Amino acid sequence: MSAVAPSPDAQRAAGLARGAQIAWIAPLALCALLAPKVALSEGGVSNFGNHLVTAPLYVVSFAGNALLLLGVARAAAVALPHARAVALGLRVVAALELVVLATTFVRRFSFTWSLVHDDLGVAQFAAAAVLAVLVVARWPRPSALAYLAVQVAGSLVGLFSALRIIHVLFWGQVVGSLGFAALIGGTLAGALARSPGR
């Protein structure tokens, strides 16, 4: 018996999921090369928005990833009707990412805006953690559990840095983001690529 080919929606969603992670990681990696002092400071990834040389790449990273995740959510809702919670989680993470991006450029105006930006960043990481758990619960593969562990470890480092217990926020964000990117670009994209047509 021959295998059923993935549906066009599933193939499109899988490609978008992988593309979203490239759009997220590649510009930030270039930012780190162009402004290494951000990585060495106690600040977070948002500090790339403070420098003329890295701000455009920072915008491309956040906006590109968020818009592609919205595309994944739309296609995944059709391709994986039994995983609608995952599609909703993708939309929530993408929306928070866009708001975090927008508040990056007003947070320097006042302490209040800075707090709003920081709180939205925490909310984004929390939403990403919930989405990661949903993905792992739906596709509990050893690799997915490993990716989740990396994401949780990075998120905890970020949380302890935000609480000023330790001072490595940037690296916590990097590690947590890499774990999340692997889950979306690996586990979720793989599940979509295997989703049969209907």
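Calculation rules
Residues numbered from 1 in each chain as written. Predicted model: local features only at pLDDT ≥ 70, side-chain atom pairs only at ≥ 80, totals over all residues. Heavy atoms only, no water. Helix = DSSP H or I, 4+ residues; strand = E, 2+ residues; numbered from the N terminus. Rg over C-alpha atoms; globule rule 2.2 N^0.38 Å. Contact = heavy atoms within 4.5 Å. Lys, Arg positive; Asp, Glu negative; His and termini not counted. Charge placed at Lys NZ, Arg CZ, Asp CG, Glu CD. Polar contact = N/O pair within 3.5 Å; in protein donor to acceptor, adjacent residues only side chain to side chain. Core = buried A, V, L, I, M, F, W, Y, C linked by side-chain atoms within 4.5 Å. Buried < 20%, exposed > 50% of the residue type's maximum accessible area, 1.4 Å probe, protein only. Expected span 1.5 Å × (residues − 1). Phe/Tyr/Trp six-rings, centres within 6.5 Å; stacked < 30°, edge-to-face > 60°. pLDDT = per-residue confidence, 0-100.

1. Overview of the overall build of the protein chain
Helices and strands together make up the secondary structure of the protein chain, namely seven helices and zero strands. Moving toward the C terminus, one meets the helices and strands of the protein chain in the order α-α-α-α-α-α-α. Whereas a compact globule of 198 residues would reach a radius of gyration of roughly 16 Å, the protein chain reaches 17 Å, a difference of no more than 12%. With the principal axes as the frame, the protein chain shows a C-alpha extent of 60 × 30 × 30 Å. Put simply, 71% of the contacts in the protein chain that link residues at least 6 apart link residues at least 24 apart. The distance from the centre of the 13 positive side-chain charges to the centre of the 5 negative ones in the protein chain is 12 Å.

2. Focus: the environment of R107
With respect to the helices and strands, the residue R107 is situated in the loop between α4 (84–104) and α5 (111–138). Sequence-distant contacts of R107, defined by excluding residues within four places in its chain, comprise S46, N47, N50, W113, S114 and H117. From its side chain, R107 meets the backbone oxygen of S46 in a polar contact 3.2 Å long.

3. Describing the nonpolar core
If you look at the biggest cluster of nonpolar residues, it comprises 53 residues, and the most contacted ones within it are F48, L90 and L192. Contributions of two or more residues to this core are made by α1 (8–34), α2 (36–40), α3 (55–79), α4, α5, α6 (142–162) and α7 (169–194). Of the residues forming this core, the biggest block, eleven residues, is contributed by α3. When near neighbours in sequence (up to four residues on either side) are disregarded, F48 contacts L28, C31, A32, A35, V38, T54, A55, Y58 and F170.

4. A word on α1
With 27 residues, α1 extends 39 Å between its outermost C-alpha atoms, agreeing within 8% with the 39 Å of an ideal straight helix rising 1.5 Å per residue. Taken together, the buried positions of α1 are occupied by A10, A13, A14, L16, A17, A20, Q21, A23, W24, P27, L28 and C31. Of the surrounding elements, those touching the buried residues of α1 are α3, α4 and α7.

5. A short note on the packing of aromatic side chains
One pass over the full model with this rule turns up five aromatic pairs. When the centroid spacing of 4.9 Å and the interplanar angle of 55° are considered together, the rings of W24 and F62 count as tilted. Of the two residues, W24 is situated in helix α1 and F62 in helix α3; the sequence distance between them amounts to 38 residues. The pair formed by W24 and F62 is uniform in burial state, with each residue classed as buried. A network of ring pairs unites the aromatic residues W24, Y58, F62 and F105 as a single cluster.

6. Comments concerning the confidence of the model for the protein chain
The predicted model of the protein chain averages 86 in pLDDT, with 94% of residues at 70 or higher. Ranking the elements of the protein chain by mean pLDDT puts α2 last, at 81, and α4 first, at 93.

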